[in-house]
Amino acid sequence: MRKLKLSDYVAKFISNKGVKSVFAISGGASLHLIHSINDHQSINLVCTHHEQGAAMAADSYSRVSGNIGVAISTSGPGATNLITGICCSYYDSVPLLIITGQVATFRLSNNTGVRQIGFQETPISNIVKEITKYSITIRKAEDIKYELEKAFFIAKEGRPGPVLIDIPDNLQREFIEEDKLRGFEQTRTINKIFPDSNELIDDFLNEIRKSKRPVVVAGWGIHLSQTEEEFLKFINKFQLPVALTWGASDLLESNNKFYIGKFGTHGKRHANFAVQNADLIIALGTRLDTKSTGWPIITFAREAKKIMIDIDPFELSKFKSFGLIFDILIQDDLKNLFKCFDNKLEINKKDLPSKDWLARISSWKREFKLIDKSRSQ
């Protein structure tokens, strides 16, 4: 049987997932991992100035590449320095694989009741449980394949997010028999609470037909679901003006005739006017956080019917506690939603939004400039 050092197996696994760059800072408890990554011909090791930078660089890599981002740090302060970057990826639904070194298993405090035995021992996998989809400290070398496969699957399944695997130093340098390692069986587990696209597509289409002042609110989830082309086809087919969240500000070029602009507390006035005066809001790939809705939440798009599509049922159900009513809530992947629309006949021209509405938005755009020169005189 062929034997392989565990840290070399980790590097091989990451490479096989198509990851080209790994972001890291060297430390005593992660040296074997760092060496293995650096020695792998298909991976570019990028050494940042701070672990927070490594996590944020991995986040950016994930956003740009569409693949998972990977960051590595040592134990203790190296691991805790990652937390701000992990938070960013968790709340923005960005898939990351965080790997931290840990003190040797025989130096772990375990159930002794003491705070620390090994130098820089810190229970990072417990610390980050509230800001990761999955976190684990590996206790046996033969579990490495199972845990890597499980973590990678969870990071990208459903609503994406960061995962963390903590690997003790002595396990990193153990030799394992790759052919004997147990794998993880992927099972799709969806917490189904709301109807999906197939069940409500006709109701959705009817609301578009009835609307005279629609606005699509488009968010980062369109990038996550890799449905940029389908989204463009959708808004062109139904001629829908689009207000963008911060995370999706690159979805449309500013000269696109359906481009309204960024809205919300950090957006443009004309975009907020459009959203607040719409008679239909279609939220795609956005959780509609308070930077989008403003506060109190119940004042958001006060006279509009509201449709929201999200893969996370908790994001769909949260508004009820604030008294904000949605007319249609769909729990689904955007890929499925756009497929449903593809199967529908072309919409009649008489059902398209009023040209007066698009003209009104354009007039607001001209009137409410970024810089009001009349006030500077």
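Everything below is about the structure shown above.
Residues numbered from 1 in each chain as written. Predicted model: local features only at pLDDT ≥ 70, side-chain atom pairs only at ≥ 80, totals over all residues. Heavy atoms only, no water.

**A closer look at the nonpolar core**
We count it as follows: What we call a nonpolar core is a set of buried Ala, Val, Leu, Ile, Met, Phe, Trp, Tyr and Cys residues that are connected through their side-chain atoms within 4.5 Å. Buried residues are those whose accessible area, probed at 1.4 Å on protein chains only, stays under 20% of the maximum for their type, while exposed residues exceed 50% and partly exposed ones sit between those limits. Here a helix means four or more residues in a row that DSSP labels H or I, a strand means two or more in a row labelled E, and each is numbered from the N terminus.
Grouped together as the largest cluster of nonpolar side chains are 53 residues, with contacts concentrated most on Val10, Ile14, Leu97, Ile144 and Ile167. Of all the secondary-structure elements, those providing two or more residues to this core are helix H1 (6–16), strand E2 (21–24), helix H2 (31–39), helix H3 (51–65), strand E4 (69–73), strand E5 (96–102), helix H7 (144–156) and strand E7 (162–168). Examining the composition of this core, we find that eight residues originate from one element, H7, more than from any other. Listed in part, the 32 residues of the second largest apolar core include Phe204, Phe234, Leu251 and Phe258.

**Regarding the side chain of Thr137**
Quick reminder of the rule: As used in this structure description, the phrase polar contact means that two N or O atoms lie within 3.5 Å; if the pair is within protein, one of them must be able to donate a hydrogen and the other to accept it, and residues adjacent in sequence are counted only when both atoms belong to side chains. Any two residues whose heavy atoms approach within 4.5 Å are treated as being in contact.
Of note, Thr137 is situated in strand E6 (residues 134–137). At 2.8 Å, the side chain of Thr137 and the side chain of Ser125 are in polar contact. Among the polar contacts made by the side chain of Thr137, one reaches the side chain of Asp166 at a distance of 3.0 Å. Discounting residues that sit within four places of it in the chain, Thr137 has contacts with Ser125, Asp166 and Pro168.

**So, the sheet that holds E7**
The condition is simple: What makes two strands pair is DSSP finding at least two bridges between them. Only the stretch in contact is used when a helix axis is fitted, and all axes are lines through C-alpha atoms; the angle between N-to-C directions ranges over 0 to 180 degrees.
Strand order in this open sheet of six strands is E3-E2-E4-E5-E7-E6, and the pairing throughout is parallel. The open sheet terminates on both sides in strands that have one partner only, identified here as strand E3 (44–47) and E6. Going across the sheet, the axis of each strand differs from the next one's by a mean of 20 degrees, ignoring polarity. Strand direction decides the pairing type here: E4 and E5, joined by five bridges, are parallel. Across the sheet, Ile72 pairs through a bridge with Ile99, a residue of E5. Sheet strands touched by H7: E5, E6 and E7. Its angle to E7, the strand with the most contacts, is close to 165 degrees.

**Examining unusual backbone geometry**
The omega angle of the peptide bond from Trp295 to Pro296 is 0 degrees, so this bond is cis rather than trans. Positionally, Pro296 belongs in the loop between helix H13 (290–293) and strand E13 (305–310). Unlike most non-glycine residues, Gln239 shows phi in positive territory, near 55 degrees. Along the chain, Gln239 turns up in the loop between helix H11 (228–238) and strand E10 (242–244).

Taken by themselves, the reported measurements are silent on function.
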